[in-house]
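Here is how the chains run, residue by residue.
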Amino acid sequence: MRITIVGLGMDMRNLPKKHQAVIDSAKVLVGGLRQLESFKDHPGHTIAIQAPLEDVIKAMRAAGEKDEVVVLADGDPLLFGIGNRLAKEFAAEDIRVLPNVSALQTAAARLKIPVQDIEVVSLHGRGNYVPLFDALMTGNWVAVYTDSGKGPMEIAGALLDRGVEAWTMWVLEHLDDGKEHIQRYNLQDARERQYAPLNLVVLERTGTSKETLTPGILEGKFVCSGQVITKWPVRAVGVAALNLMPGLTVWDLGAGSGSVSVEMAAVMRKGCVLAVERSTERIGMIRENVARFGACIVE
């Protein structure tokens, strides 16, 4: 079986000759509806990528028994693209990838940022903002691949609700086509605007948290009620004993002022801390401490 995944880049009119030749000679062409519309006169058999993806994989296997299958991918196939899924479904020796320019590379070029300095997350098809909150705790630039339910407006709202302040938002719409528009917003303004469906968000850190997020935070750094707070040696040892691993979800029941939750956020990555508290006053303290330390993964 032979599968060639072709990156279409940012502008299909500028496809490399090798990429175009592979598409032109394809007997079986696989792609999203928008991509296939751009090749509506193609003589080959077409398979549309749509849910459930398992049916698409099955159709590709059947077609691939006789002919090479060519898959169309936006941007670069292996950057939050279909290439990652296909690499898990098919043997490596059966796949060839023709890379291309991604939205991330184009955005970095427009904003003059080294690509290696950018944390990259995708919210496409996700039910939460966990990857974004995690990236905000470590990076100075964060690029976000959006979708219809988690666009710039929704992202700005989610950040403000979590107490995030020291960031501005670049919204890059219609990258590399005739309607390209790039604008920088503060989060409050970004929450109030409408955007083109084709966009990429780049968040830029413009300040620091009021307090530094490290293990063993002294009690005086927290907002709390009187002196009712877990003392720092107990927090530090307790959190260490939990042996927290990346990707875990941890519940802090009876979170009080949130000091233990914030302490866990200092050592956790790619996960989520859920602080549970019934006192309205203390919930307000938790929110304030999360914002004070930039402990974005605490909910």
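Here, the structure is the one placed above.
Residues numbered from 1 in each chain as written. Predicted model: local features only at pLDDT ≥ 70, side-chain atom pairs only at ≥ 80, totals over all residues. Heavy atoms only, no water.

Put simply, A51 and P52 share a cis peptide bond, and its omega is -5°. Relative to the helices and strands, P52 is located in the loop between strand 3 (45-48) and helix 3 (53-64). Despite not being glycine, D176 has its phi angle at roughly 65°, a positive value. As for its placement among the helices and strands, D176 is situated in the loop between strand 8 (167-173) and strand 9 (181-186). Here D176 falls in the partly exposed class, since its relative accessible area comes to 30%. With phi around 50°, N243 is a residue other than glycine that occupies positive phi space. (Helix = DSSP H or I, 4+ residues; strand = E, 2+ residues; numbered from the N terminus. Buried < 20%, exposed > 50% of the residue type's maximum accessible area, 1.4 Å probe, protein only.)

Scanning all chains against the criterion turns up 16 salt bridges. Among the salt bridges present, the one from R110 reaches E180, with a minimum N-O distance of 2.8 Å. One end of the pair, R110, is in helix 5 (residues 103-111); the other, E180, is in the loop between strand 8 and strand 9, with 70 residues separating them in the sequence. Given the relative accessible area of 30%, E180 is considered partly exposed. As a salt-bridge pair, E299 and R162 come within 4.0 Å of each other at their nearest N and O atoms. Here E299 is found in the segment after helix 11 (280-293), whereas its partner R162 is found in the loop between helix 7 (152-161) and strand 8, with 137 residues between them in sequence. (Salt bridge = Lys/Arg side-chain N within 4 Å of Asp/Glu carboxyl O.)

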